[in-house]
Amino acid sequence: MGFDLAFALSSVPTILGAVGTTLCVALVSCIGAAAIGFFFEMVRRAGGIAGLTVGFVIDFIRSTPVLAWLYFLYFVLPFYGIRLGSMTVGVMGLSLYYSGYLAEVFKAGIDAIPKGQSEAARALSLSRRDAVIHVIAPQMLRNIAAPLGNYFVSILKATPYLAVLAVPEMLGRAFDIASETYRYTEPLVVAGLIFLALALVISHGVKRLERRLLAVGAR
Amino acid sequence: MSAQSDTIVDIQGLNKWFGALHVLKDVDLTVACGSRVVVCGPSGSGKSTLIRCINGLESYQQGALRLAGTTLGLNARETASARRQTGMVFQSFNLFPHLTVLSNCTLALRRVAGRSRGEAQDIAMAHLEKVRIPEKAMSYPGQLSGGQQQRVAIARALCLNPRIMLFDEPTSALDPEMIKEVLDVMVALARDGMTMVCVTHEMGFAREVADQVVFMDGGCILDRAPARDFFGSAGHPRSRLFLDTILKH
Ligand SMILES: Nc1ncnc2c1ncn2[C@@H]1O[C@H](COP(=O)(O)OP(=O)(O)OP(=O)(O)O)[C@@H](O)[C@H]1O
Ligand SMILES: [Mg+2]
């Protein structure tokens, strides 16, 4: 059973039709994960009981499988009367799961900023909020552009997990074709190549962004 | 209890610990408006800690520190508003590397003083003129020499129009040829009547501008004297010894 190029090409439009869903899920999850992760890190940094609790939550998230989160949100929440669409659950699951990892990335990025920066901000009477927005966050972003980009690619590659919730993303679509035709190679290769292309585009974009961030006020 | 209106900093029996380490021991110090105090002493004697207590960057455990009539550390809001009367210059400049020189100076004007962009830029440029570096307004800190960066840091601290300027070894991180340009700016500031507390071992500067020289060792103020007397023959034997060592260099 060789590789049937014509069949592979004929599966492209169907699989490409799901690219929108995949990208959309990945993009919203990236934003969600970054927002929650940053919030987590800010709370953890502030210390106190809230900080300790969030620290524990971050560790907990990072030591559980992403599928467990998806199953939990999808099958357990309805028992408590919370009924969400599979797409919403998927995005929530990926956001929450990766927020734990991104919190760690943010932590490293902030730890790398010299202590004098936040002291200067305090000495200038900037509020904590202004110090974060205008002093800490921009320098943190510059420190973490590369790992942040890697996690964005990871999130993209994690979208096929949403197949278990019947979200019509790319790999699921490829698998549908495969099980209808009993030909697995072609649709899976096509899906793999599309993932590769997307990942390359994201990595390239991140590299360019990083270069621009580093160029500003090069130390 | 009320501080005289011509006293900006009034420190009584100040004690501070870092964990078990007793770093400030019964420190008393008053700074009159318009006066210049130079603090010197060996490494680890608590000079930075003292100066950082004055603008509330460090807390203290005993005694009282009044800044512009407010006792620091009682109330977060009052402490913050008293801090606005101060400007601080650090040994390592601490400019914001991702912002231009001008934005470094306008940030607090915009966010803290609520000035418009135009007003903030005018004020910032005026101070950059004062430290003689207006042509670098659009540069980033990484493109400047250490002396230039420290002058920008002074301009940035002046922008909020502080009543007192705090300097923590402003020239210690500089190459020798850049020390003078920073000291010149500081002398000019002193001439303008700015109240200053300055940790420094630049004794030439101390002699030129200081009203009072304070010598610290082991968390205590061992010696305090008008500059004239401090450099004269009088004074605590420990501060004499210290002076002899650093003046030899
Ligand atoms: N954040 C801190 N935590 C714990 N100990 C500290 C801290 N900051 C300073 N110390 C200690 O407090 C003592 C006084 O430090 P400080 O920085 O005030 O000395 P200094 O006189 O400024 O010395 P130098 O001339 O080296 O700057 C030192 O023993 C120092 O190790
Ligand atoms: Mg010091």
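In what follows, the structure referred to is the one given above.
Residues numbered from 1 in each chain as written. Chains lettered and ligands numbered in written order. Predicted model: local features only at pLDDT ≥ 70, side-chain atom pairs only at ≥ 80, totals over all residues. Heavy atoms only, no water.

Enquirer: What exactly am I supposed to notice about the overall build of chain A here?
Expert: When helices and strands are counted, chain A shows nine helices and zero strands. Going residue by residue from the N terminus, the α and β elements of chain A occur as α-α-α-α-α-α-α-α-α. When burial is assessed residue by residue, chain A has 44% of its 219 residues classed as buried. Put simply, 80% of the contacts in chain A that link residues at least 6 apart link residues at least 24 apart. Entry remark: accessible area of chain A is about 11,200 Å², with carbon and sulfur atoms responsible for 69%. Charge separation in chain A, taken as the distance between the mean sites of 18 positive and 12 negative side-chain charges, equals 10 Å. (Helix = DSSP H or I, 4+ residues; strand = E, 2+ residues; numbered from the N terminus. Buried < 20%, exposed > 50% of the residue type's maximum accessible area, 1.4 Å probe, protein only. Contact = heavy atoms within 4.5 Å. Areas by Shrake-Rupley, 256 points an atom, 1.4 Å probe, with all protein chains shown as cover. Lys, Arg positive; Asp, Glu negative; His and termini not counted. Charge placed at Lys NZ, Arg CZ, Asp CG, Glu CD.)

Enquirer: It is not clear to me how the sheet that holds strand E2 (residues 21–32) of chain B should be interpreted in this structure. Could you clarify?
Expert: Neighbouring strands of a sheet are bound in pairs by backbone hydrogen bonds; such pairs are parallel or else antiparallel. Residues and elements named next belong to chain B. Overall, antiparallel pairing links the four strands, which are arranged E2-E1-E4-E5 in an open sheet. Unpaired on one side and paired on the other, E2 and strand E5 (70–71) mark the two borders of the sheet. By the bridge criterion, eight bridges tie strand E1 (residues 7–18) to E2 in an arrangement that is antiparallel. Residue Val9 lies in a different strand from E2, and its bridge partner there is Val31. Most of the contacts of helix H1 (residues 47–54) go to E1, to which it runs at about 125 degrees, and overall it touches E1, E2 and strand E4 (62–67). (Pairing = 2+ DSSP bridges. Axes fitted to C-alpha atoms, helices over the stretch in contact; angles between N-to-C directions.)

Enquirer: Whenever I open this one, the site of ligand 1 confuses me. Can you help?
Expert: Residue and element names in this part refer to chain B. With respect to spatial proximity, the complete set of residues near ligand 1 consists of Phe18, Leu21, Val23, Pro42, Ser43, Gly44, Ser45, Gly46, Lys47, Ser48, Thr49 and Glu169. Between ligand 1 and the protein, one listed contact pairs an oxygen atom with a backbone N or O atom of Gly44 at 2.8 Å. For ligand 1, an oxygen atom lies 2.6 Å from a polar atom in the side chain of Ser48. Taking 630 Å² as the accessible area of ligand 1 by itself, protein coverage stands at 60%. With three residues, H1 is the largest single contributor of residues to the shell around ligand 1. (Near = heavy atom within 4 Å. Polar contact = N/O pair within 3.5 Å; in protein donor to acceptor, adjacent residues only side chain to side chain.)

Enquirer: Explain the environment of Leu29 of chain B here, please?
Expert: Residue and element names in this part refer to chain B. By the secondary structure assignment, Leu29 is in strand E2. Along the primary structure Leu29 and Leu65 are separated by 36 residues, whereas in three dimensions their C-alpha atoms are 9.2 Å apart. In this structure, Leu29 is in contact with Val9, Asp10, Ile11, Leu50, Val214, Ile221 and Arg224, ignoring residues within four places of it in sequence.

Enquirer: Looking at this model, I keep getting lost on the pattern of salt bridges. Mind explaining?
Expert: Once their charged atoms are close, side chains differing in charge can pair, the charge on each being opposite to the other. If you walk through the whole model with that rule in mind, you get 16 salt bridges over all chains. Across the pair Lys16 of chain B and Glu58 of chain B runs a salt bridge, and its minimum N-O distance is 3.9 Å. Taken together, the residues Lys16 of chain B in strand E1 and Glu58 of chain B in the loop between H1 and E4 connect sequence positions 42 residues apart. The same class applies to Lys16 of chain B and to Glu58 of chain B, which are both buried. We note a salt bridge from Glu58 of chain B to Arg52 of chain B, for which the minimum N-O separation is 3.0 Å. Arg52 of chain B carries the same exposure label as Glu58 of chain B, and that label is buried. What emerges from the salt-bridge pattern is a single network uniting Glu41, Arg44, Arg45, Glu104, Lys107 and Asp111 of chain A. (Salt bridge = Lys/Arg side-chain N within 4 Å of Asp/Glu carboxyl O.)

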